[in-house]
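# Geometric and topological summary
Okay, here's what each chain looks like letter by letter:
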Amino acid sequence: MHILSGEERVFAALASPVRREVLRLLRDAGPQPVTDLAAHFDMARPSFSEHLRVLREAGLVSESRAGRQRLYRLEGAALYEVQEWLNPFERFWRDRLTAIGGVLDSLDGDES
């Protein structure tokens, strides 16, 4: 059995549209009780709890207790790792688009 590295857990967690939506909700509205988050999804509570567990284990969210409520908060450090991994791809596409722009500019110059 292969044990996932931290980076692999983050990417596995981000593979789910449900989990990405949970992250978006936390990003946009800040920390929220689990009941408020679950209200956005049409699924059984145990299934939703499993999504939250995956996000916690990947380090993408943290859980704290406030009385009887469990509050979930977005944790940015794991997302920084994703951004670092994506940066070379962003540079790749920016370079390609710049090259295409140069070709198109030269074509415009040929028409004059």
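Above this note sits the structure.
Attention in this report is confined to the structure presented alongside it. Not measured: the values here are computed from a predicted model.

Here is what the cut-offs are and how they apply
Residues numbered from 1 in each chain as written. Predicted model: local features only at pLDDT ≥ 70, side-chain atom pairs only at ≥ 80, totals over all residues. Heavy atoms only, no water. Helix = DSSP H or I, 4+ residues; strand = E, 2+ residues; numbered from the N terminus. Polar contact = N/O pair within 3.5 Å; in protein donor to acceptor, adjacent residues only side chain to side chain. Patch = residues over 30% accessible without salt bridge, like charges linked within 9 Å, V, L, I, M, F, W, Y side chains within 5 Å. Areas by Shrake-Rupley, 256 points an atom, 1.4 Å probe, with all protein chains shown as cover. Salt bridge = Lys/Arg side-chain N within 4 Å of Asp/Glu carboxyl O. Pairing = 2+ DSSP bridges. Contact = heavy atoms within 4.5 Å. Axes fitted to C-alpha atoms, helices over the stretch in contact; angles between N-to-C directions.

## Section: the environment of Gln83
Along the chain, the position of Gln83 falls in helix 5 (residues 77–111). A distance of 2.8 Å separates a polar atom in the side chain of Gln83 from a polar atom in the side chain of Asn87.

## Things to note about a nonpolar patch on the surface
A cluster of nonpolar residues, Trp85, Leu86, Phe89, Phe92 and Trp93, forms a patch on the protein surface that exposes about 510 Å² of accessible area. Locating Phe89 in the fold gives a position in helix 5.

## Focus: the sheet that holds strand 2 (residues 61–66)
Spatial ordering of the open sheet is given by 1-3-2, a layout of three strands whose pairing is antiparallel. Where the open sheet ends on each side, the last strands, each with one partner, are strand 1 (32–33) and strand 2. Relative to strand 3 (residues 69–74), strand 2 runs antiparallel, the two sharing six bridges. Note on strand 3: the bridge partner recorded for Ser62 is Arg73. Lying on the sheet, helix 4 (residues 45–57) is in contact with strand 2 and strand 3; it crosses strand 2 at an angle near 115°.

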